[in-house]
Amino acid sequence: MSLVRFLPAWLHAVADYAVAGTLIVVALAVGGSHKAVAAGVVIGAVVLVVSMLTRYPLGVWKVLPFSVHSAGDYLAAALLMGSPFALGFHATDMGLSVFYVVAGVAVLLVSLITNYQYSPRRSLVSSQPQAA
């Protein structure tokens, strides 16, 4: 569900891969407790795999409909915002905790403005010239 269908599928796909890579790299580079690092790596890896499986412009094995992918976006946002508290590293790994919460809010905002009605056929039809 989107509040505003502003963001096109291709740009959402770019954001997905950027978020996945950033989560993994930052978690490993910053370090911290096992739970804090694992949260970033696992959530990043899941975002990466789901992105690769989505039927949208940058999907590799186009299995998941983009509308189903949207549920994963909301789940990823919730996991990012909640993991520091649920896993108990919010006080010991403050830097990663803040990063995860901010990343979760960003994922949520992107999800709320994405046009999840992407279809390769619809894109082809809309890009063909109209008959006079």
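This is a predicted model, so every value here is computed, not measured. (Residues numbered from 1 in each chain as written. Predicted model: local features only at pLDDT ≥ 70, side-chain atom pairs only at ≥ 80, totals over all residues. Heavy atoms only, no water.)

Caption draft 1: Focus on the overall build of the protein chain. The secondary structure content of the protein chain amounts to five helices and zero strands. Each helix and strand of the protein chain, placed in order from N terminus to C terminus, yields the pattern α-α-α-α-α. Considering only contacts in the protein chain between residues 6 or more positions apart, those separated by 24 or more positions represent 67%. Counting only carbon and sulfur atoms, one obtains 74% of the accessible surface of the protein chain, whose full area is about 7600 Å². (Helix = DSSP H or I, 4+ residues; strand = E, 2+ residues; numbered from the N terminus. Contact = heavy atoms within 4.5 Å. Areas by Shrake-Rupley, 256 points an atom, 1.4 Å probe, with all protein chains shown as cover.)

Caption draft 2: Looking closely at helix H4 (residues 94-112). Helix length check: H4, at 19 residues, gives a terminal C-alpha distance of 27 Å against a target of 27 Å (1.5 Å per residue), a fit within 8%. Along H4, the positions that sit buried rather than exposed are Leu96, Ser97, Tyr100, Ala103, Gly104, Val107, Ser111 and Leu112. On its buried face, H4 is in contact with helix H1 (9-30), helix H2 (34-53) and helix H3 (66-86). (Expected span 1.5 Å × (residues − 1). Buried < 20%, exposed > 50% of the residue type's maximum accessible area, 1.4 Å probe, protein only.)

Caption draft 3: Region of the structure containing the packing of H1 against H4. Contact geometry for H1 and H4: axes closest at 12 Å, N-to-C directions at 175°. Of the possible angle classes, the one that applies to H1 and H4 is roughly antiparallel. Contacts between H1 and H4 involve His12, Val19, Thr22, Leu23, Val26, Ala27 and Val30 from the first element and Leu96, Phe99, Tyr100, Ala103, Val107 and Val110 from the second. (Axes fitted to C-alpha atoms, helices over the stretch in contact; angles between N-to-C directions. Parallel < 35°, antiparallel > 145°, perpendicular 65-115°, else oblique.)

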